[in-house]
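Descriptive structure summary
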Amino acid sequence: MSARRVLLVAGARPNFMKVAPIAAALRKRDDLEAVLVHTGQHYDRAMSELFFEQLGIEEPPYRLGVGSGSHAAQTAEIMSRFEPVLGEVRPAAVVVVGDVNSTIAAALVAVKEGTPVAHVEAGLRSFDRTMPEEINRLLTDAISTWLFVTEPSGVENLQREGVDPARVHLVGNVMIDTLLRFRERAAALDVPGTMGLEPGGYAVLTMHRPSNVDDPETLAARLAPVLSLAEEMPVVFPVHPRTRAVLSGAGTGSGGQLRLCDPMGYLEFLGLMSSARLVLTDSGGIQEETTVLGVPCVTLRDNTERPITVTQGTNRLAGTRPDRIRSAISEALTAPSTGRVPDLWDGRAAERIVDVLRLSIDG
Ligand code: UD1
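No experiment lies behind these values; they were computed from the predicted model shown.

Notes on the pairing of strand β4 (residues 93-97)
- With 5 of 5 residues buried, β4 is to be regarded as a mostly interior element.
- Of the two faces of β4, the one holding Ala-93, Val-95 and Val-97 and the one holding Val-94 and Val-96 are both buried throughout.
- Direction of pairing for strand β1 (residues 4-10) relative to β4: parallel, over a ladder of 4 bridges. For Val-9, the partnering residue across the bridge sits in β4 and is Val-96.
- Relative to strand β5 (residues 117-122), β4 runs parallel, the two being bridged by 4 bridges. For Val-95, the partnering residue across the bridge sits in β5 and is Ala-118.
- Handedness of the crossover is the feature at issue here: the chain leaves β4, passes through helix α4 (residues 101-112), returns alongside β5, and the resulting connection is right-handed.

Okay, structure coming up:
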């Protein structure tokens, strides 16, 4: 009997560390075969290839090369380029991860062609439909056969939406599988040392949400409390291309010990975060990673779709008002860190996913 194919879809930076452990878990089985598709939603070396190299992800046999565009143009382009791949591979299942445009685009094509979809990181809800990711999450969950969930809030959200519990599997967090696997390798790079930073003596900032960075005045307002912090300690800010475009036009983003740099590789950024005194972010994944690392995190958003990082982890939801961000920073710097790692964030989520898929894919 030949192995059943599972088509794994990745497109944007936060997808790569989620796909890596699933591909590795599939590779260990001889009854399932992973076939990787890279949509090309992200394409800069530092946003894409570097992650493949560092995480040891095999060269994808399919690269769709879609590039950037409006939501409609990008989503449509992924759909039309993904359709023939699906026809050629004829997989038993398509696995999509996270909440980016590549996630919903591939899922939509697959279900309409009659191929069942597994959504990894299902059930998360910010309850903010102005976020493109929230729309992607809701729609992908609605059409997926298997809903693989990272934290109990995801199970509750899906229950509330009337989803059949048989579709819902609380399996843990594949991004944390990758973090645990690569943590030591990242530490060995001594990134703080190479940047002349004292472990525990600096902060890290990331910001790329459209609602925070697309408008230059809003971006300047978000940066004001960060610049105050940069009077006290170095703040390293690897700048996402979306943010870079606005920063350079607005002439903001300098002062004190604020250090702007290019986007980093996975290992470098993990090493940098691990020894930070504090992380400031509007990313979803970083809220989870800091929780596992035990590093205080201040989230520059009004909501989070990952509430366990606040209730159990090290995350503080600061909102977006400068005074609230300032007080969240000072609380994070003074209060003892009391986070604990959520259940099932133990490095084995991908294996659980593959076990469920194996049982339900008709061999
Ligand atoms: C996307 C995801 C977001 C995720 C983020 C992580 C959607 C709707 N958004 O946002 O959920 O948190 O990735 O990074 O899918 N660009 C480059 N080089 C690249 C990629 C992008 O220069 O390799 C620039 C382009 O100008 C592009 C802009 O960044 O227009 C935005 O890229 P896009 O993929 O549309 O959205 P992100 O903001 O990266």
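Describing the packing of aromatic side chains
- For the structure on display, the rule yields 4 aromatic pairs.
- Seen in terms of ring centroids, Phe-16 and Phe-51 are 6.3 Å apart; in terms of plane orientation they differ by 55°. Their pairing is tilted. Of this pair, Phe-16 sits in helix α1 (residues 13-27) while Phe-51 sits in helix α2 (residues 49-55); the two residues are 35 residues apart in sequence, bridging distant segments of the chain. Like Phe-51, Phe-16 is buried.

Observations regarding the site of the ligand
- With respect to spatial proximity, 17 residues lie near the ligand, and among them Gln-41, His-42, Glu-133, His-208 and Arg-242 are the closest.
- Take His-42: an N or O atom from its side chain is 2.8 Å from an oxygen atom of the ligand.
- Here an oxygen atom of the ligand and a backbone polar atom of Asp-44 are 2.9 Å apart.
- Those elements that provide at least two residues to the shell around the ligand are α3 (71-89) and α11 (241-250).
- Classifying every residue of the shell around the ligand by side-chain character gives 5 nonpolar, 8 polar and 4 charged.

Some words on the nonpolar core
- Among the nonpolar cores identified, the biggest contains 62 residues, and Leu-8, Ile-22, Phe-148, Tyr-266 and Leu-272 are the most heavily contacted of them.
- If one sorts the elements of this core by residue count, α1 sits on top with 8 residues.
- One finds Leu-205, Val-226, Ala-318 and Ile-329 within the second-largest nonpolar core, a separate group that totals 26 residues.

Re the pattern of salt bridges
- With the rule as written, the count across this model stands at 27 salt bridges.
- The closest approach of N and O atoms between Arg-316 and Glu-331, which form a salt bridge, is 3.4 Å. In this pair, Arg-316 is assigned in strand β13 (residues 315-317) and Glu-331 in helix α15 (residues 322-334), connecting sequence segments 15 residues apart.
- For Arg-316, a relative accessible area of 25% puts it in the partly exposed group.
- Taking relative accessible area as the criterion, Glu-331 reaches 41% and is therefore assigned partly exposed.

Analysis parameters
Residues numbered from 1 in each chain as written. Predicted model: local features only at pLDDT ≥ 70, side-chain atom pairs only at ≥ 80, totals over all residues. Heavy atoms only, no water. Buried < 20%, exposed > 50% of the residue type's maximum accessible area, 1.4 Å probe, protein only. Helix = DSSP H or I, 4+ residues; strand = E, 2+ residues; numbered from the N terminus. Pairing = 2+ DSSP bridges. Right-handed = clockwise from strand over helix to strand, strands pointing away. Phe/Tyr/Trp six-rings, centres within 6.5 Å; stacked < 30°, edge-to-face > 60°. Near = heavy atom within 4 Å. Polar contact = N/O pair within 3.5 Å; in protein donor to acceptor, adjacent residues only side chain to side chain. Nonpolar A, V, L, I, M, F, W, Y, C, P; charged D, E, K, R; others polar. Core = buried A, V, L, I, M, F, W, Y, C linked by side-chain atoms within 4.5 Å. Salt bridge = Lys/Arg side-chain N within 4 Å of Asp/Glu carboxyl O.

Note that every value here comes from positions in space, so none of it alone points to a role or purpose.
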